[in-house]
Each structure stands twice: as C-alpha cells, then as structure tokens.
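Given next are the chains, with one letter for each unit.
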Amino acid sequence: QVQLVESGGGLVQAGDSLRLSCAASGRSFSRYAMGWFRQAPGKEREFVAAISRSGSGTLYAASVRGRFTFSRDNAKNTVYLQMNSLKPGDTAVYYCAAGSGATSEEEYDYWGQGTQVIVSS
C-alpha cells in the first residue's frame, strides 16, 4: 500500500550537513508513523529517529540527538532527515520505514531501498 524511496545521500566531510528525503506513494501516508534506521558495514541495522503521524512528536537515538532533525510534510507525502555536524560514525546506509513509530524494526511494515551516507575524516 505504501512505497518509499530515499534520496539525498552522498559523500561529505566531518562537520558537514546533509538532508535526506523519503518520498511515499499512495494516499494513506498520514496514517503511518515514520522511522529512519541505518546500517553500517559489519553492524546490525539500528534505530535513528521516529516521528508521529502528525509530525508533532519525534524520538531520536542518543547518538544523533541534538544533531539530526526529523520532519514530515503530509501534503507532499515526504519526510526529511536533516543531519548536521556529521561524524565518521554516521557513515551508513539510511533506510526510511513506515509503521508504528517504535524503535524496533519489527514494528514497521514498509521499507525503502536505502541511501548511502559517507562521512570522511
């Protein structure tokens, strides 16, 4: 019912900023909470951030709190992850997901294909 496509990844230096986008198909976008997850080479996929259906409530992993901002525009069927003060530890493939807004992968029903973020030095 929902298809998700991430974009905006790239290669940046430590301290730089990036904004990831996730565009959803269909007309039921506002019924889902949304999440961002990431997976670094050799590591398990981990929770990054979640946002409520209306966009009024957000939740962040401790590792990104204060640096990343999650927002959504339901009229455009799109969510955004603004990433500031990037660190080499942020290097990963970032995935957008639709579901309950919980921190567990099992609570999400739909996933995008991912977009790569590489932070050098």
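Scroll up to find the structure this text is about.
Let us look at the structure shown here. Worth saying up front: this structure is predicted, and the values here are computed from it rather than measured.

**So, the packing of aromatic side chains**
- Using the criterion set out here, one finds six aromatic pairs in the structure.
- Judged by centre distance (5.8 Å) and plane angle (75°), the rings of F37 and F47 are edge-to-face. With F37 in strand β4 (residues 33–39) and F47 in strand β5 (residues 46–51), this pair connects stretches of sequence that are ten residues apart.
- Between F37 and Y108, the aromatic rings sit 5.2 Å apart at their centres with planes inclined by 80°, giving edge-to-face as the arrangement. Within this pair, whereas F37 is found in strand β4, its partner Y108 is found in strand β10 (residues 108–111), the two being separated by 71 residues in sequence.
- The class for F37 is buried, based on a relative accessible area of 1%.
- Positioned above the aromatic ring of F29, the side-chain terminus of R72 is 4.5 Å from the ring centre.

**Notes on the state of the cysteines**
- Per the counting criterion, the structure on display carries one disulfide.
- Across the disulfide, C22 is cross-linked to C96 (sulfur-sulfur distance 2.2 Å). The S-S bond linking C22 to C96 shows a torsion near -85°; that makes this disulfide left-handed. Here C22 is found in strand β3 (residues 18–24), whereas its partner C96 is found in strand β9 (residues 92–99), with 74 residues between them in sequence. Each member of the pair, C22 as well as C96, carries the same accessibility label: buried.

**Describing the pairing of β4**
- Of all seven residues in β4, six are buried; the element is thus mostly enclosed.
- Relative to β9, β4 runs antiparallel, the two being bridged by seven bridges. Bridge pairing links R38 to Y94 in β9.
- Where β4 lies against β5, five bridges are found, and the strand directions are antiparallel. Paired with M34 across the strands is I51, a residue of β5.
- Taking the residues between adjacent antiparallel strands as the criterion, β4 and β5 are bridged by six residues, where G42 takes a positive phi near 75°.

**A short note on unusual backbone geometry**
- Not every positive phi belongs to a glycine, and N77 is a case in point at roughly 55°.
- Looking at the secondary structure, you find N77 in the loop between β7 (68–73) and β8 (78–83).
- Looking at N77, the relative accessible area reads 16%, which means it is buried.
- In the Ramachandran plot, S121 falls in the positive-phi region, its phi being about 45° despite a non-glycine side chain.
- Mapped onto the elements of the fold, S121 is located in the segment after β11 (115–120).

**A closer look at the side chain of R72**
- Position of R72 relative to the elements: it lies in strand β7.
- Of the side chains with opposite charge, D73 comes closest to the buried, unpaired R72, at an N-O distance of 8.3 Å.
- Polar side-chain contacts of R72 include one of 3.2 Å to the backbone oxygen of F29.
- When neighbours within four sequence positions are excluded, R72 is seen to be in contact with F29, S30, Y32, A33, M34, I51, S52, R53, S54, G55, T78 and V79.

The rules behind each value
Residues numbered from 1 in each chain as written. Predicted model: local features only at pLDDT ≥ 70, side-chain atom pairs only at ≥ 80, totals over all residues. Heavy atoms only, no water. Phe/Tyr/Trp six-rings, centres within 6.5 Å; stacked < 30°, edge-to-face > 60°. Helix = DSSP H or I, 4+ residues; strand = E, 2+ residues; numbered from the N terminus. Buried < 20%, exposed > 50% of the residue type's maximum accessible area, 1.4 Å probe, protein only. Lys NZ or Arg CZ within 6 Å of the ring centre and 35° of its normal. Disulfide = S-S within 2.5 Å. Pairing = 2+ DSSP bridges. Lys, Arg positive; Asp, Glu negative; His and termini not counted. Salt bridge = Lys/Arg side-chain N within 4 Å of Asp/Glu carboxyl O. Polar contact = N/O pair within 3.5 Å; in protein donor to acceptor, adjacent residues only side chain to side chain. Contact = heavy atoms within 4.5 Å.

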